[in-house]
Amino acid sequence: MYETIKRKIREILLTFCMVTTGSVFVSAAYIKVFWPGDPQISVDILWQIPVIAFICSLGNLLHPYREVSRRSMLCRKFLHYLYINVVVLGGGYCFTWIERGNLLMPAVMALGILAVFIVISAVVWSWHKKETERLNSKLREYQAGEGRTV
């Protein structure tokens, strides 16, 4: 159980770093599009982005470390994506990143969320695949007798 908790914390921290990085790039493009010229952006955004990124990273808790059906996995992935949209768009309205009444702003932000979500999902999937291959390799070694002590 300790290893599972440790692995989950490591995954959340990795996701936090990736979400923060992706958010900075998406934010730079978003600001350039919606506030061209010389935007007067508050230094508060330097705290807002990591707070939102951390809350989004907690969405990883929706994914168990056990085998689940494909349907269950897809359902959890969809719920995770909805959770992230609620967090980011809700934060966007709270932190006034989105002007009320402007429908283009949340639409563009949703596209940014989708792009970051896809990239991070691919990285996490690749990380899990490598970890699975490593564990299977260790299991094969053990079963071949290399892991037995006499």
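Check the entry above for the structure.
Reference entry: report on the structure contained in this document. All of these numbers come straight from a predicted model, not from anything done at the bench.

Before going further, it helps to examine the nonpolar core. If you look at the biggest cluster of nonpolar residues, it comprises 24 residues, and the most contacted ones within it are Cys-56, Val-88, Met-109 and Ile-113. Take this core: its biggest share by element is seven residues, from helix H4 (residues 104-143).

A few words on the side chain of His-80. Mapping His-80 onto the fold places it in helix H3 (residues 70-94). By relative accessible area, which is 6% here, His-80 ends up buried. Residues in contact with His-80, not counting those within four places in the same chain, are Cys-56, Gly-59, Asn-60, Leu-62, His-63 and Phe-117.

Moving on, we get to the packing of helix H1 (residues 2-34) against H4. Two elements in contact, H1 and H4, have axes whose closest approach is 10 Å; the angle formed by their N-to-C orientations is 150 degrees. Considered as vectors, H1 and H4 are oriented roughly antiparallel to each other. Handedness of the crossing formed by H1 with H4: right-handed. Contact residues: H1 offers Arg-7, Arg-10, Glu-11, Leu-14, Thr-15, Met-18, Val-19, Gly-22, Val-26, Tyr-30 and Phe-34, while H4 offers Leu-104, Met-105, Val-108, Met-109, Gly-112, Val-116, Ile-120, Val-123, Val-124, Trp-127, His-128 and Glu-131.

How each quantity is defined
Residues numbered from 1 in each chain as written. Predicted model: local features only at pLDDT ≥ 70, side-chain atom pairs only at ≥ 80, totals over all residues. Heavy atoms only, no water. Core = buried A, V, L, I, M, F, W, Y, C linked by side-chain atoms within 4.5 Å. Buried < 20%, exposed > 50% of the residue type's maximum accessible area, 1.4 Å probe, protein only. Helix = DSSP H or I, 4+ residues; strand = E, 2+ residues; numbered from the N terminus. Contact = heavy atoms within 4.5 Å. Axes fitted to C-alpha atoms, helices over the stretch in contact; angles between N-to-C directions. Parallel < 35°, antiparallel > 145°, perpendicular 65-115°, else oblique. Left-handed = near helix turned anticlockwise from the far one by under 90°.

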